[in-house]
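Spelled out, the chains give:
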Amino acid sequence: MNRWLTMAGAAGLSLACSPVFAAVNVFACLPEWASLATELGGDKVSVYQASNALQDPHRIEARPSLVARMRSADLAICTGAELEIGWLPVLLQTAGNQKVQPGKPGFIAAAELVDRLEIPTRLDRAEGDIHPAGNPHIQLDPHNVAKVAAVVTQRLQQLDPANAAYYDTRGKDFQGRWQQAIGRWEKEAAPLKGLRIVPYHKNTVYLSHWLGMSEVMYIEPKPGIPPSAGHLSELVVRLQAEPADAVIRTAYQDPKAAAWLSEKTKIPVVELPYTVGGTPAARDLFGLFDDTIARLNKVKK
Ligand SMILES: [Zn+2]
């Protein structure tokens, strides 16, 4: 009896979370791609989000529940460019689902669809560089999101031709609303041009590149290497000589170093969502950019 009730309860929960007769099962590595798949696939897709905004996207555990979801996926949408190198290859291999292997129509590596920044001319892993394929944190430039969206629509049509017209309509609707929002964001963010920021990790470079902000130094001495006390003291000295406007901490990062640096330099900390779900207002992709720009505008000169 109890077991039956538990099973019935679990089934009820899964019905509540996803369309009953979804044509396409989407496995989204990260919240931004889950949100995009929902925008574009509507009730024809069932989207599984493998991680949340409070998790470091470089370091997700390839848990058995993720393997099971990858096994039943028709389309996997991840960032690629080695962002998920620590967990995605093992997940794909363990799941053994041929439909979603890289190179198949059921696999999208979003970073391969955009112009990547910071592609290194020389690789030195000894320096702790965890971005050997260029900077993978592409979602904070909305023009990149538009490019990825076009390919997601194409793939949904390819994988589920019976609903091709539906995906076409939804894709056009999204792109129209998105372009309009970009125009609004660019106006709202105009005062941010030239803003000097100190991010924790190089995960806002596309945002800075888009809005013309300057990332003058980083709390991490090298991408992926936590700051030592010595490095933080050096930042204080450098910031006293050349002040910045804001220290940036994104939702998944440890607040301590940013708070310490802010206290020593009197430069305010701005907490950014980084992805969908990173702040209460960043409920979807539109909210992500609305909130990011609103938070930065509070510290503008
Ligand atoms: Zn990174």
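This structure is a prediction, so every number in the text was calculated from the model and none was measured.

Rules of the game
Residues numbered from 1 in each chain as written. Predicted model: local features only at pLDDT ≥ 70, side-chain atom pairs only at ≥ 80, totals over all residues. Heavy atoms only, no water. Helix = DSSP H or I, 4+ residues; strand = E, 2+ residues; numbered from the N terminus. Rg over C-alpha atoms; globule rule 2.2 N^0.38 Å. Buried < 20%, exposed > 50% of the residue type's maximum accessible area, 1.4 Å probe, protein only. Contact = heavy atoms within 4.5 Å. Areas by Shrake-Rupley, 256 points an atom, 1.4 Å probe, with all protein chains shown as cover. Salt bridge = Lys/Arg side-chain N within 4 Å of Asp/Glu carboxyl O. Disulfide = S-S within 2.5 Å. Core = buried A, V, L, I, M, F, W, Y, C linked by side-chain atoms within 4.5 Å. Domains from an automatic or database assignment. Axes fitted to C-alpha atoms, helices over the stretch in contact; angles between N-to-C directions. Parallel < 35°, antiparallel > 145°, perpendicular 65-115°, else oblique. Left-handed = near helix turned anticlockwise from the far one by under 90°. Nonpolar A, V, L, I, M, F, W, Y, C, P; charged D, E, K, R; others polar. Pairing = 2+ DSSP bridges.

**Side note on the overall build of the protein**
Thought 1: Helices and strands together make up the secondary structure of the protein, namely 10 helices and eight strands.
Thought 2: The globule rule puts the C-alpha radius of gyration for 301 residues at 19 Å, and the 20 Å found for the protein is close to it.
Thought 3: Out of the 301 residues in the protein, the part that is buried amounts to 51%.
Thought 4: Residue pairs at least 24 apart in sequence account for 65% of intrachain contacts in the protein once pairs closer than 6 positions are excluded.
Thought 5: Total accessible area computed for the protein in this model is approximately 14,000 Å², and 55% of it derives from carbon and sulfur atoms.

**Quick look at the pattern of salt bridges**
Thought 1: As enumerated under the stated definition, the model contains 12 salt bridges in all.
Thought 2: Here Asp56 ties to Arg59 by a salt bridge, and the two come within 2.8 Å at their closest N and O atoms.
Thought 3: When the shortest N-O distance is used, the salt bridge between Lys202 and Glu118 registers 3.7 Å. Linking Lys202 in the loop between strand 5 (196-199) and helix 7 (205-211) with Glu118 in the loop between strand 4 (107-109) and helix 5 (142-159), this pair joins segments that are 84 residues apart in sequence.
Thought 4: What makes Glu118 partly exposed here is its relative accessible area of 35%.
Thought 5: The structure contains a network of salt bridges with shared partners spanning Glu39, Asp173 and Arg177.

**Digging into the state of the cysteines**
By definition, a disulfide links the sulfur atoms of two cysteines through a covalent bond.
Thought 1: Per the stated rule, a full pass over the model turns up one disulfide.
Thought 2: The partner cysteine of Cys29 in its disulfide is Cys78, sulfur to sulfur 1.9 Å. Torsion about the S-S bond of the Cys29 and Cys78 cystine: about 55°, corresponding to right-handed handedness. Highlighted residues: Cys29 in the loop between strand 1 (24-28) and helix 2 (31-41) and Cys78 in strand 3 (residues 75-78), separated in sequence by 49 residues.

**Concerning the nonpolar core**
Thought 1: In terms of nonpolar packing, the biggest core is built from 80 residues, with Phe27, Trp33, Leu36, Met70, Trp178, Trp185 and Leu296 touching the most fellow members.
Thought 2: The element that contributes the greatest number of residues to this core is helix 5, accounting for seven residues.
Thought 3: Two domains share this core, each providing at least three of its residues, namely domain 1 (19-184) and domain 2 (190-300).
Thought 4: For Trp33, the residues in contact, after removing those within four places along its chain, are Ala28, Ile77, Cys78, Thr79, Ala110, Ile138, Gln139 and Val148.

**So, the packing of helix 5 against helix 6 (residues 164-188)**
Thought 1: Closest axis-to-axis distance for the helix 5/helix 6 pair is 10 Å, and the angle between their directions is 175°. Compared by their axis directions, helix 5 and helix 6 come out roughly antiparallel. Of the residues in helix 6, those in contact with Pro142, His143, Val145, Ala146, Ala149, Ala150, Thr153, Leu156 and Gln157 of helix 5 are Ala164, Tyr167, Asp168, Gly171, Phe174, Gln175, Trp178, Gln179, Ile182, Trp185 and Glu186.

**Quick look at the packing of helix 3 (residues 64-71) against helix 4 (residues 88-95)**
Thought 1: With their axes 8 Å apart at the nearest point, helix 3 and helix 4 run at an angle of 60° to one another. By the angle between their directions, the pair helix 3 and helix 4 is classed as oblique. The crossing of helix 3 and helix 4 is right-handed. Facing Leu66, Val67, Met70 and Arg71 of helix 3, the residues of helix 4 in contact are Leu88, Leu91, Leu92, Thr94 and Ala95.
Thought 2: Looking at side-chain class alone, the contact of helix 3 with helix 4 contains seven nonpolar, one polar and one charged residues.

**A look at the sheet that holds strand 7 (residues 246-250)**
Thought 1: Reading across from one edge, 6-5-7-8 is the order of the four strands in this open sheet, with parallel pairing throughout. The sheet is open, and its two borders are formed by strand 6 (214-215) and strand 8 (269-272), each paired with just one other strand.
Thought 2: Of the pairings in the sheet, the one linking strand 5 to strand 6 comprises two bridges and is parallel in character. Following the sheet pairing, Arg196 is matched in strand 6 by Ser214.
Thought 3: Relative to the sheet, helix 9 (residues 255-265) contacts strand 5, strand 7 and strand 8, its axis offset from that of strand 7 by approximately 170°.

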